[in-house]
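What follows is the residue order along each chain.
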Amino acid sequence: MSRGFTFDQALAQRIEAVYKTRDAARRRRVVLDALDLRPGERVIDIGTGPGFLAREMASLVGPAGEVLGVDTSEAMLELARNRCAEIGWVQLRQGDASDLPVPDASFDVAVSIQVFEYVADVSKPIAQMHRSLRPGGRAVIVSTDWHSFIWHARDTVRANKVLSAFIEHCAIPDLPRTLGPRLKLVGFTVEDAQVIVQFNPTLAANSFSYHLIPIAKAFVSGRHGVTEAEAQAWADELYDLGERGEYFFCLNQFLFAVTKPL
């Protein structure tokens with residue numbers, strides 16, 4: 001993963017801004033509907049990030065339940081701790097999705113949002129999720145197909161150069177296309193699959209792509225021959241399109257709901 005993101009404090013704050021948007025909140029509602037959490041359940045949130053989903057899940061399982069958020073990034077965990085500080089049944093722990101620090105069959109529910117595509121050997125986190133669940137347990141995984149970008153630009157040559165560089169931020173940018181068979185291979189039963197579309201026909205401050213622009217701009221500078229000036233010009237063009245009412249962004253994310261057979 002050396003070519004990908006470094007989840008330091010600056011990136012953690014940018015990602016937190018994405019998770020505050022209406023689009024991310026809408027995605028969390030879809031995830032929570034698919035999880036169908038019940039009071040008293042134990043949930044592991046693999047790659048908990050800034051803790052938005054962990055907090056919302058805690059309100060559903062209640063004090064008789066438990067939510068364990070695991071993340072490799074201390075910067076992310078610090079944001080999650082601040083967000084969940086007053087909820088005694090949310091625990092947060094540093095750990096790797098490929099080697100979860102939990103006993104076998106210790107959770108009723110597992111969830112992982114935009115994590116597996118960042119692991120080169122994705123069979124490991126899938127197997128760890130399976131191991132952590134009790135027989136009959138269920139899980140939801142959301143993964144993005146980063147090749148599904150539609151991001152309107154006037155300078156299409158520059159935009160294609162930028163987006164080609166940005167795709168390197170994760171290890172398996174088209175993971176959803178093979179995720180179903182991978183989940184079945186480890187022993188999961190796929191109960192449902194659906195697409196979550198991040199569609200922004202305008203550039204609004206509470207939209208997914210508004211906050212993705214600075215993340216992408218920072219990442220691509222110096223990669224694939226993209227200069228800092230080119231990255232800035234690409235971003236400036238998007239802001240200009242937004243002001244002129246000519247903005248268009250669409251990206252597909254995919255949700256898989258699975259169970260571990262009894």
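Computed from a prediction, not measured in an experiment: that's the story for all the values here.

A. Expanded view of a nonpolar patch on the surface. A surface patch of nonpolar side chains, amounting to about 400 Å² of accessible area, comprises I150, V195, V197, F199 and F248. Ranked by the residues each element gives to the nonpolar patch, the list is headed by strand β7 (residues 189-200), at three residues. You can see F199 is positioned in strand β7. By relative accessible area, F199 is classed as partly exposed at 40%.

B. Representation of the state of the cysteines. As enumerated under the stated definition, the model contains zero disulfides in all. C250 takes part in no disulfide bond, and the closest cysteine sulfur to it belongs to C170, at a distance of 17 Å.

C. The pairing of strand β4 (residues 107-113), seen in detail. A large share of β4 lies buried, amounting to seven of its seven residues. Across three bridges, the pairing between strand β1 (residues 42-46) and β4 is parallel. When the sheet's bridge partners are listed, D45 is paired in β4 with V111. Here β4 runs beside strand β5 (residues 133-144); their pairing, made up of six bridges, is parallel. Counterpart to F107 in the pairing with β5 is L133.

D. Layout of the nonpolar core. Counting residues in each nonpolar core, the largest one holds 38 residues, and the members touching the most others are W146, F149, W151, F166 and W234. Elements that contribute at least two residues to this core include exactly α1 (9-19), α4 (74-83), α6 (156-166), α8 (208-220), α9 (228-244) and β8 (249-259). Looking at this core, the element that brings in the most residues is α8, giving seven residues. Counting residues in hydrophobic clusters, the runner-up holds 25 residues, among them C84, V90, V111 and A257.

E. Region of interest: the pattern of salt bridges. A complete count under the given rule lists 19 salt bridges for this structure. Residues E41 and R38 are paired through a salt bridge, measuring 3.9 Å at the closest nitrogen-oxygen approach. Residue classification places R38 among the partly exposed residues on the basis of a relative accessible area of 42%. A single network of salt bridges, built from pairs that share partners, joins D36, R38, E41 and R138.

F. Representation of unusual backbone geometry within the structure. A positive phi angle is found at Q114, which is not glycine, with a value near 50°. Along the chain, the position of Q114 falls in the loop between β4 and α5 (123-132). Assessed through its relative accessible area of 13%, Q114 is described here as buried. Here H224, not a glycine, exhibits a phi torsion of approximately 55°, which is positive. In this fold, H224 is placed in the loop between α8 and α9. By relative accessible area, which is 46% here, H224 ends up partly exposed.

G. Quick peek at the environment of G49. Within the secondary structure, G49 sits in the loop between β1 and α3 (52-61). When its relative accessible area of 7% is taken as the criterion, G49 is described as buried. For the pair G49 and A80, spaced 31 residues apart in sequence, the C-alpha to C-alpha distance is 6.8 Å. Other than its neighbours up to four places away in sequence, G49 contacts D71, M76, L77 and A80.

What counts and how
Residues numbered from 1 in each chain as written. Predicted model: local features only at pLDDT ≥ 70, side-chain atom pairs only at ≥ 80, totals over all residues. Heavy atoms only, no water. Patch = residues over 30% accessible without salt bridge, like charges linked within 9 Å, V, L, I, M, F, W, Y side chains within 5 Å. Areas by Shrake-Rupley, 256 points an atom, 1.4 Å probe, with all protein chains shown as cover. Salt bridge = Lys/Arg side-chain N within 4 Å of Asp/Glu carboxyl O. Helix = DSSP H or I, 4+ residues; strand = E, 2+ residues; numbered from the N terminus. Buried < 20%, exposed > 50% of the residue type's maximum accessible area, 1.4 Å probe, protein only. Disulfide = S-S within 2.5 Å. Pairing = 2+ DSSP bridges. Core = buried A, V, L, I, M, F, W, Y, C linked by side-chain atoms within 4.5 Å. Contact = heavy atoms within 4.5 Å.

On their own, these measurements won't tell you what the molecule is for.
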